[in-house]
Amino acid sequence: MSEGREQDQPEERESAARPVTAAARRERRGSVRPAGRKDSAARPSEADSDAAEEKKGRPTRARGDQEKRPGIFARIVRYVREVVSELRKVIWPTRKQMITYTSVVLVFVAFMVALVFGLDSAFAWGVFKVFA
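Residues numbered from 1 in each chain as written. Predicted model: local features only at pLDDT ≥ 70, side-chain atom pairs only at ≥ 80, totals over all residues. Heavy atoms only, no water.

A count of helical and extended segments in the protein gives 5 helices and 0 strands. Among the 132 residues that make up the protein, the fraction classed as buried is 0%. Surface summary for the protein: the accessible area is close to 13700 Å², and the carbon and sulfur share equals 59%. (Helix = DSSP H or I, 4+ residues; strand = E, 2+ residues; numbered from the N terminus. Buried < 20%, exposed > 50% of the residue type's maximum accessible area, 1.4 Å probe, protein only. Areas by Shrake-Rupley, 256 points an atom, 1.4 Å probe, with all protein chains shown as cover.)

The following block contains the structure:
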């Protein structure tokens, strides 16, 4: 019997330690993490500043230390290579899909031309009747 109780207890502990609702997660985050405000934060110790420097990475380059840009032809070649690599990622339509898309566009354009022509003719007839 005690073995069964021990097996049940870890499940209860996991459910208690792991909040289910968003409100419970926010509440837990607020209690676990420090406030992080400038006025409440004490001056960082040397160990904290060393850790912060490691996280920053390399310092920003000075204006005079900028690396030389590659030549115009190297930039053009790089651009063309990037364009080709991006075009390889495109999923091109098959011939059947292309015919279908083209026919749908042509039918839609023909319908819109007929609609505009019809409305234009109707308004022209109406204006002619009113003013003539």
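Further remarks concern the confidence of the model for the protein. For the protein, the mean per-residue pLDDT works out to 77, and 64% of the residues sit at or above 70. Mean pLDDT across the elements of the protein ranges from a minimum in helix H1 (residues 2-17), with 53, to a maximum in helix H5 (residues 95-131), with 97. (pLDDT = per-residue confidence, 0-100.)

Tallied over the full model, the rule gives 2 salt bridges. In this structure, Glu-82 and Arg-78 form a salt bridge, with 3.1 Å as the shortest nitrogen-oxygen distance. A residue pair is termed a helical-turn pair when its members lie 3 or 4 positions apart in one helix, as Glu-82 and Arg-78 do in helix H4 (residues 72-89) at 4 residues. Taking the relative accessible area as the measure of exposure, Glu-82 reaches 40% and is therefore partly exposed. (Salt bridge = Lys/Arg side-chain N within 4 Å of Asp/Glu carboxyl O.)

With that out of the way, let us pick up a nonpolar patch on the surface. A cluster of nonpolar side chains, Ile-72, Phe-73, Ile-76, Tyr-79, Val-80, Val-83, Val-84, Leu-87, Val-90 and Trp-92, forms an exposed patch at the surface whose accessible area comes to about 990 Å². Mapped onto the elements, Trp-92 comes out in the loop between H4 and H5. (Patch = residues over 30% accessible without salt bridge, like charges linked within 9 Å, V, L, I, M, F, W, Y side chains within 5 Å.)

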